[in-house]
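Analysis of the macromolecular model
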Amino acid sequence: ADAAPKKNDFYDRNLALFEEELDIRPKVSSLLSRLVSYTNITQGAKEHEEEESAEASRRKTPKSPNMGTLMGVYLPCLQNIFGVILFLRLTWIVGMAGIMQSLLIVLMCCSCTMLTAISMSAIATNGVVPAGGAYFMISRSLGPEFGGAVGLCFYLGTTFASAMYILGAIEIFLKYLVPQAAIFHATDTLGSDSAMLNNMRVYGSICLSLMAVVVFVGVKYVNKLASLFLACVIISIVSIYAGAFKSLTHPPEFPICMLGNRTLVRDGFDVCAKTVIKGNVTVPSQLSESFCLPGNMSSAHCDDYFNQNNVTEIQSIPGLGSGIIRENMWSDYQRKGEILEKAGLQSTDAHGAMENFGMYVSADIATSFTLLVGIFFPSATGIMAGSNRSGDLRDAQKSIPVGTILAITTTSLVYFSSVVLFGSCIEGVVLRDKFGDAVRKNLVVGTLSWPSPWVIVIGSFFSTVGAGLQSLTGAPRLLQAIAKDNIIPFLRVFGHGKTNGEPTWALLLTGLIAELGILIASLDMVAPILSMFFLMCYLFVNLACAVQTLLRTPNWRPRFKYYHWALSFLGMSMCLALMFISSWYYALVAMVIAGMIYKYIEYQGAEKEWGDGIRGLSLSAARYALLRLEVGPPHTKNWRPQLLVLLKLDEDLHVKYPRLLTFASQLKAGKGLTIVGSVVQGNFLDSYGEMQAAEQAIKNMMEIERVKGFCQIVVASKVREGIVHLIQSCGLGGMKHNTVMMGWPYGWRQSEDPRAWKTFINTVRCTTAAHLALMVPKNVSFYPSNHERFTDGNIDVWWIVHDGGMLMLLPFLLKLHKVWKKCQMRIFTVAQMDDNSIQMKKDLAMFLYQLRIEAEVEVVEMHDSDISAYTYERTLMMEQRSQMLRQMRLSSAERQREAQLVKDRHSLVRMGSLYSDEEEEVVEAPPEKVQMTWTREKCEAERRNRNNAPENFRELMSLKPDQSNVRRMHTAVKLNEVIVNRSHDARLVLLNMPGPPRNTDGDENYMEFLEVLTEGLERVLLVRGGGREVITIYS
């Protein structure tokens, strides 16, 4: 018992250097031992990531079968790839398209799947692939959105595949095994198609329900039968080869009867001749009786075409050595209802009676190259069978690539050789005869096979049933895996199953979808649908591989080395091309379905961080865009406020003024950059946890207020330093803020600590120095929330000095948001005595018209008036108060009381306010730099005015302290009177914010001026420009 601790001590002595970290960074040895014991759980049992949790380890993990490459990948792939199409449709495809085009079709489909298999192998060997195969590979490398879309496409493909296999099995059953089992019978020659389809629907539904029961009872039976089904496929294929080579010397006897050059259906008559000799008398044959009216042998009552053409008998299988390959080399596409004709036979064209149409073999659907591609493609699918079983493999990383690629090579070779053999052994009209009507209703492939047609008929019947069963077992498991990942909320119910992990609900849904396929009832209609979903899935597999390779994700290091992004792109484009070649409308539907699933997962799905490639793609794109942005400052046309919102947190790390964020989101309307910054006071080493908590609090608040942006917290010993750091260092490259928004320091008069307003003024100075715009929303707690709507009201802009047009731009941006949409914009500007206010109004209206901003314009005249006693009183109070605070080191209680007294002496409408924003440069611009928006006379007047009217708003700084205080206070009181008079009921008032004094002694007075200026207004936004034009009249 003592050994273990001792051993640990030994380790810890050796690793003394790292001993403090061992609790969070485990020793390599213990990490490795944990990794080695990782086991793959069986197919569709439990979500693999749950496995590492404690509760999952308590449950009994099912033993995973250890399958090798041959049993686990190669044979399942073979069985899934070879299917119904090879036996039922390949001869017909060769007949219609000719050997050359058939080889092209096979080449296109097989190279597409081969390229996909290469990409898939790369993904499958890049890390452990748990149960769930294709879906897992894609969702973990492209992210949940793509994974979900592809997973569902693959699921729908597999489900429709089961429908197609069942239809194939029923077709074999009704056409070749037990034709008398048909329930519906054709009333006339043209109704045979619909009767056949109805039979397929009835029997297909019965078959589907039986299969679903088998699957529900137990997958183990399906898996036990799998080898039997596979044996059927292999025996059938071998018998085709045997028959083809035997036909070289002994072609089988299957004569077909031709009337002229038209092929006759060979089940309505016995002898292929117009007359037969019974005893010594020549009598009409059964064939003649079909074409002529009964009882009379004279030619008058027979079909014209029958009269004028001879009946001949030719071999349906001339054999390998016959040279028939020359005739079958080129395509012979048919229209619907066209009679199959053999080119070489002589024929006199005459118009035959319509009643006899049923005697001839005719094309049941119109064919074209594109249609045949869609019908053939499903016989190349099935390459995922190995990776779907990845949970059952001993070494998935080795088996999947080897097994899959070998299986595709084998099947491709079989397809190529089959095309050539069919074309060189079988007569063209027989190849084009889809259901073998000309060869006594035999399966066309069957006529070629040796020793008997029944080998193929029975073999293909069992193999299609087997494939159908496997699709029905595979699809629900896939759906279960997607449901368990919880990325598509409405699929959650399908994650549940029986106690042993069998997906019951998923099986039910699969059965319902497969029933849809069976109601379509025509194999040739279901095949293209299924092709779409599989092609969609393969397209994404290739995309996943290409994206990972091109981005060089650090985690992308597959064991399988023989892949290249170009191959993946080629595979991707081939998938896309095949989709649109085989049927463009199905392709569009499939893409819309995938797109809708993608968007749904993006909006609704659970947030999953799977380290996927799309994140990497976003990173590369972002880096590229940021580097492009570096080129220079944005043009005035592109200027928009990129906000840095400075938030204050209280002691519990809650956001003090959340309305600041609300206002920011209203101003941004989701566009541009928003950085929310805050300062945590303290030492970084001690406050790291507090900083993370603060960041989380702010992020939560941003989510509530729907602010799309970034959060940055700085830990600094002094708040003002932290703010300076934020202003300097937030943003990256071209994505930097150009506007700062901060709260007004409420209660600065009452606080003993002057740091509150000192920090505020310091920030104003910093933004000015950094040439950033500044916005300070005062009384921010009264600002509207995102849910309120103003149905009327005004946004008033008081344009006192021009600072780059920010005052015009902000209301325009605000009105884009639904809260402010219905507000009207009014612009007020202040005229002095010697200004021509009428001309000013015209100029301003013209300027706004050119700016394409709709607003009411008003010019307010400020008359020179004597400085009122109220102004003197306010100035005196202000100076006395600061004097007292400076000289006397009052005790804290007294100081609070004193501040309260000062406040009470002018109890004005003062609201508890909330946040703060950004400012624009105003008052302190030196005279010659003032940007005038108006006329030259105005400018000269302004200069004159400056010399003789020192109470001018701009000039207030340079006067003697006490005198200048009085002047400034006068301006503030006067302006406030005018503004309150005009805008007391406005929804929002925007004002130029005067700059802080150059001399820091006047800071407190500056705060007082701002208070007086905004007194009595409910919502005020103080704005200060960043020293550059932000709005332009040019397009």
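Not measured: the values here are computed from a predicted model. (Residues numbered from 1 in each chain as written. Predicted model: local features only at pLDDT ≥ 70, side-chain atom pairs only at ≥ 80, totals over all residues. Heavy atoms only, no water.)

A surface patch of nonpolar side chains, amounting to about 430 Å² of accessible area, comprises I183, F184, V202, I206 and L210. Topologically, L210 is positioned in helix 9 (residues 192–217). (Patch = residues over 30% accessible without salt bridge, like charges linked within 9 Å, V, L, I, M, F, W, Y side chains within 5 Å. Areas by Shrake-Rupley, 256 points an atom, 1.4 Å probe, with all protein chains shown as cover. Salt bridge = Lys/Arg side-chain N within 4 Å of Asp/Glu carboxyl O. Helix = DSSP H or I, 4+ residues; strand = E, 2+ residues; numbered from the N terminus.)

Looking now at the state of the cysteines. Structurally, a disulfide amounts to a covalent bond that connects the sulfur atoms of two cysteines. Across all of its chains, the model carries two disulfides by this definition. The disulfide partner of C257 is C272, and the S-S distance across this bridge is 1.8 Å. Note on the C257 and C272 pair: the S-S dihedral is about 85°, so by sign convention the disulfide is right-handed. Here C257 is found in strand 1 (residues 255–259), whereas its partner C272 is found in the loop between strand 2 (262–263) and strand 3 (275–278), with 15 residues between them in sequence. C272 matches C257 in its accessibility class, with the two residues each being buried. For C292, the disulfide goes to C302, at an S-S distance of 1.6 Å. Disulfide C292 to C302: torsion about the S-S bond roughly 105°, handedness right-handed. Placement of C292 in the loop between helix 11 (286–291) and helix 12 (304–308) and of C302 in the loop between helix 11 and helix 12 is noted, with a sequence separation of 10 residues between them. Across the pair, C302 and C292 agree in class, each one buried. (Disulfide = S-S within 2.5 Å. Buried < 20%, exposed > 50% of the residue type's maximum accessible area, 1.4 Å probe, protein only.)

This next bit is on the pairing of strand 4 (residues 281–284). Here strand 3 pairs with strand 4 via four bridges, running antiparallel. When the sheet's bridge partners are listed, K278 is paired in strand 4 with V281. Following strand 3, the chain reverses through two residues before pairing antiparallel with strand 4; G279 in that reversal takes a positive phi of roughly 65°. (Pairing = 2+ DSSP bridges.)

Let us now look at helix 18 (residues 453–485). With 33 residues, helix 18 extends 48 Å from end C-alpha to end C-alpha; this agrees with the ideal 48 Å at 1.5 Å per step. Taking the backbone nitrogen of W454 as reference, a side-chain oxygen 3.0 Å away marks S452 as the first, capping residue of helix 18. N486, located one to two residues past helix 18, shows a positive phi value of around 65°. (Expected span 1.5 Å × (residues − 1). Polar contact = N/O pair within 3.5 Å; in protein donor to acceptor, adjacent residues only side chain to side chain.)

A few words now on the confidence of the model for the protein. Here the protein shows a mean pLDDT of 79. Residues at 70 or above account for 80%. Within the model, the stretch residues 904–936 combines pLDDT values under 50 with 146 contacts to residues more than four positions away or in other chains. In this model, residues 945–961 is a region of pLDDT below 50 whose contacts with residues beyond four sequence positions or in other chains number 42 contacts. (pLDDT = per-residue confidence, 0-100. Contact = heavy atoms within 4.5 Å.)

Further remarks concern the sheet that holds strand 5 (residues 311–315). A sheet is described by the order of its strands in space; here three strands give the open sequence 2-1-5, paired in antiparallel fashion. In this open sheet, the two edge strands, each paired with only one partner strand, are strand 2 and strand 5. Here strand 1 runs beside strand 5; their pairing, made up of five bridges, is antiparallel. For L259, the partnering residue across the bridge sits in strand 5 and is V311.

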